[in-house]
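Structural description and commentary
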Amino acid sequence: MGSQRAFGTAFGGQMSLARWHDGEWEAPALRPLAALELHPGAHALHYGSSCFEGLKAFRGPKSEARIFRLDRHVARMRASAEQLCLPVPGADMLTEMVVDAVRANLGEIPEPPGALYVRPTLIGTDPNIGAAAAPATEALLYVITSPGGDYFGGGLHPLRLAVETERPRTVPRFGSVKTGANYAMALGVTREARAAYRADQVLFLNQGLVQETGASNLVLLDEGRLLTPTVDGTFLEGVTRDSLLTLASDLGFKVEELPLTLDDLLAWAEQGEIALSGTAAVLAPVGTLVVDGADVRVGGGAVGATTLRLRSHLVDVQTGRAPAPSGWITEVR
Ligand SMILES: *Cc1c(COP(=O)(O)O)cnc(C)c1O
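Now for a quick tour of the structure. (Residues numbered from 1 in each chain as written. Predicted model: local features only at pLDDT ≥ 70, side-chain atom pairs only at ≥ 80, totals over all residues. Heavy atoms only, no water.)

1. Here we look at the nonpolar core
In terms of nonpolar packing, the biggest core is built from 32 residues, with Ile67, Leu86, Val98, Val102 and Leu122 touching the most fellow members. At seven residues, helix H3 (residues 91-104) tops the list of elements feeding residues into this core. Once residues within four sequence positions are removed from consideration, Val102 is found in contact with Ala57, Ala65, Ile67, Ile109, Leu116, Val118 and Val332. Ranked by size, the runner-up nonpolar core spans 24 residues in total, among them Leu205, Val210, Leu218 and Leu289. (Core = buried A, V, L, I, M, F, W, Y, C linked by side-chain atoms within 4.5 Å. Buried < 20%, exposed > 50% of the residue type's maximum accessible area, 1.4 Å probe, protein only. Helix = DSSP H or I, 4+ residues; strand = E, 2+ residues; numbered from the N terminus. Contact = heavy atoms within 4.5 Å.)

Structure (structure tokens):
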């Protein structure tokens, strides 16, 4: 079963797929998960014409699948496709492809806190290595799934974040695009921080302002407040981040989006909690910041009570143990 394997290494048996050529989408179809036939000169392999999404379907109380904030993920995928000059899939078609893929793999959704991670992917496929300065003329959109247990299988442990103030995570126009190039760009910096400081992740700052890590947004918490950097196009606007802003506000927290500097972060670390938010990690506690090679403890260095509280509230909303705001859950049977 997927829940025994490392996150992202087990796959649901069915995928949905649609090809685009001659300016049109073919009707999407389900098929068994299998290797793709791709020309070695395919546009995406050479010129980076690829983007993706990551969302989750949870098993609800009546064994139904509950897809979390599908509309937001669909909208973001379409925005990413637009930025990469890939054909933009219609919202209805993309929604249907995700629903179809979830339904086809319904039996593989683990019990909470496990979930079916869903990965819509769009790639340029035309065989043309001369198309460096031209958009893809053929494309493939597919939705694969990955049943998995909790991302932190061994239990929540406070993360070590290395703070990077010089080297950027991405380039200015791609900050809010979910594309592999951004991960590739952060990889070397992250690998170095692992080796030098045993860091789990790197927190990137841009011109003195806190952005995010390579794959999650940053939030500051205490018993009564949730603070997070203002959306400015330099970081990926997480659906989890947005959901936490809403849920925390509903719970009576004072919620604020504002520009944050390293000094703000260090001051906060003396008394408050810091956490990372994202679909895979949900809300993960940060225990240590590594600044210029020196460890700075966050709170007491342990997992914060507010982080745990908000994390379990979000999971309750996702899994149906607490009511979800209208439109957040797409039920599939
Ligand atoms: C996907 C992603 C996130 C988290 O977004 P969610 O919608 O909360 O999963 C954060 N940063 C980057 C760079 C991402 O690609």
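Still more ground to cover, so stick around.
2. Notes on the side chain of Thr121
Mapped onto the elements of the fold, Thr121 is located in strand E7 (residues 115-124). Reaching out from Thr121, the side chain makes a polar contact with the backbone oxygen of Arg119 at a distance of 3.3 Å. Setting aside residues no more than four positions away along its own chain, Thr121 makes contact with Cys51, Phe52, Met77, Leu140, Leu141 and Tyr142. (Polar contact = N/O pair within 3.5 Å; in protein donor to acceptor, adjacent residues only side chain to side chain.)

3. Some thoughts on the pairing of E7
Burial of E7 is extensive: nine of the ten residues sit out of reach of the surface. Where strand E4 (residues 50-52) lies against E7, three bridges are found, and the strand directions are antiparallel. Residue Cys51 lies in a different strand from E7, and its bridge partner there is Leu122. As defined by bridge partners, strand E5 (residues 55-59) adjoins E7 across three bridges and the pair is classed as antiparallel. Bridge pairing links Leu55 to Val118 in E7. As paired elements, E7 and strand E8 (residues 139-148) share ten bridges and run antiparallel to each other. Paired with Thr121 across the bridge in E8 is Tyr142. (Pairing = 2+ DSSP bridges.)

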